[in-house]
Amino acid sequence: MGKINIGRVLLGGLAAGLVMNISEFLLNAVVLAKDLEEAMRRINLPPAGGTAIMTMVVLTFITGIVTVGLYAAIRSRLGSGPKTAIIAGLIVWFLIFVHGAIADSAMGLFPIGISLIALVWGLFEATIGAVAGAWLYKEAGSQ
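A brief structural summary.

What counts and how
Residues numbered from 1 in each chain as written. Predicted model: local features only at pLDDT ≥ 70, side-chain atom pairs only at ≥ 80, totals over all residues. Heavy atoms only, no water. Axes fitted to C-alpha atoms, helices over the stretch in contact; angles between N-to-C directions. Helix = DSSP H or I, 4+ residues; strand = E, 2+ residues; numbered from the N terminus. Parallel < 35°, antiparallel > 145°, perpendicular 65-115°, else oblique. Left-handed = near helix turned anticlockwise from the far one by under 90°. Contact = heavy atoms within 4.5 Å. Nonpolar A, V, L, I, M, F, W, Y, C, P; charged D, E, K, R; others polar. Phe/Tyr/Trp six-rings, centres within 6.5 Å; stacked < 30°, edge-to-face > 60°. Buried < 20%, exposed > 50% of the residue type's maximum accessible area, 1.4 Å probe, protein only. Expected span 1.5 Å × (residues − 1). 1 Å grid on protein atoms, 1.4 Å probe; cavity = no way out; pocket = protein on both sides within 12 Å on 5 of 7 lines; lining within 4 Å. Points joined across faces, edges and corners; volume = space filled by probe spheres on them.

## Concerning the packing of helix α4 (residues 82–106) against helix α5 (residues 112–136)
Right, so step 1: Two elements in contact, α4 and α5, have axes whose closest approach is 8 Å; the angle formed by their N-to-C orientations is 155°. Classified by the angle their axes make, α4 and α5 are roughly antiparallel. As α4 packs across α5, the resulting crossing turns out to be right-handed. Residues Pro82, Ala85, Ile86, Gly89, Leu90, Trp93, Phe97, Val98, Ala101, Asp104 and Ser105 of α4 touch α5, and the partners they reach there are Ile112, Ser115, Ala118, Leu119, Gly122, Leu123, Glu125, Ala126, Thr127, Ala130, Val131 and Ala134.
Right, so step 2: Partitioning the contact of α4 with α5 into residue classes produces 16 nonpolar, 5 polar and 2 charged.

## Quick look at the packing of aromatic side chains
Right, so step 1: Under the defined criterion, the tally for this structure stands at 1 aromatic pair.
Right, so step 2: Ring plane angle 85° and centroid distance 6.1 Å describe the contact between Tyr71 and Tyr137, whose orientation is recorded as edge-to-face. Taken together, the residues span a long stretch of sequence, with Tyr71 in helix α3 (residues 50–78) and Tyr137 in the segment after α5 at a distance of 66 residues.
Right, so step 3: Tyr71 sits in the buried class, given a relative accessible area of 3%.

## A look at α5
Right, so step 1: Its 25 residues give α5 an end-to-end C-alpha distance of 36 Å, which sits within 8% of 36 Å, the value for a rise of 1.5 Å per residue.
Right, so step 2: Listed as buried for α5 are Ile114, Ser115, Leu119, Gly122, Glu125, Ala126, Thr127, Gly129, Ala130, Gly133 and Ala134.
Right, so step 3: Among the structural elements, α1 (6–31), α2 (33–42), α3 and α4 are those in contact with the buried residues of α5.

## Section: the layout of surface pockets
Right, so step 1: In this structure, the largest pocket spans a volume of roughly 1200 Å³.
Right, so step 2: What lines the largest pocket is a set of 34 residues, among which Glu24, Leu27, Asn28, Leu36 and Met56 lie closest to the centre.
Right, so step 3: Secondary structure elements with two or more residues in the lining of the largest pocket: α1, α2, α3, α4 and α5.
Right, so step 4: Of the residues that constitute the lining of the largest pocket, the class distribution is 23 nonpolar, 7 polar and 4 charged.

## Considerations on the packing of α1 against α5
Right, so step 1: Relative to each other, α1 and α5 sit at 155°, their axes nearing to 8 Å. Of the possible angle classes, the one that applies to α1 and α5 is roughly antiparallel. Relative to α5, α1 is oriented so that their crossing is right-handed. Together, Arg8, Leu11, Gly12, Ala15, Ala16, Val19, Met20, Ser23, Glu24, Leu26, Leu27 and Val31 of α1 and Ile117, Ala118, Trp121, Glu125, Ala126, Ile128, Gly129, Ala132, Gly133 and Leu136 of α5 make up the contact between the two elements.
Right, so step 2: The class makeup of the residues in the contact of α1 with α5 is 15 nonpolar, 4 polar and 3 charged.

Laid out in structure tokens, this is it:
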């Protein structure tokens, strides 16, 4: 069992974050653009602007890093590879997407349809991002 390679966690995490950010752009700016605009108008808020978008982009890169860090932490028990990466992605999906979708719907921020689409989309986003990041991860001392 090797030590966690922080440099590779960061590299893999940035790759995972890039996959997740591209996915978020497609979801929010293409797939749900009109629905989100209508939902924001309904609660009397403007569409997300530059500061909000930049904050979300940075947070998504951090999510990618945390996802690969989780993968690195659990691979000593579960083994390396895509299966373990998917498990790490599912954990992140549950903690972010499931929690967020339920909370947003419970508060009436977004209609259930938007939340369900984001929930399913996020399942693929988190797992594909985790696999991409894990692919770049190597234990400290191994090449």
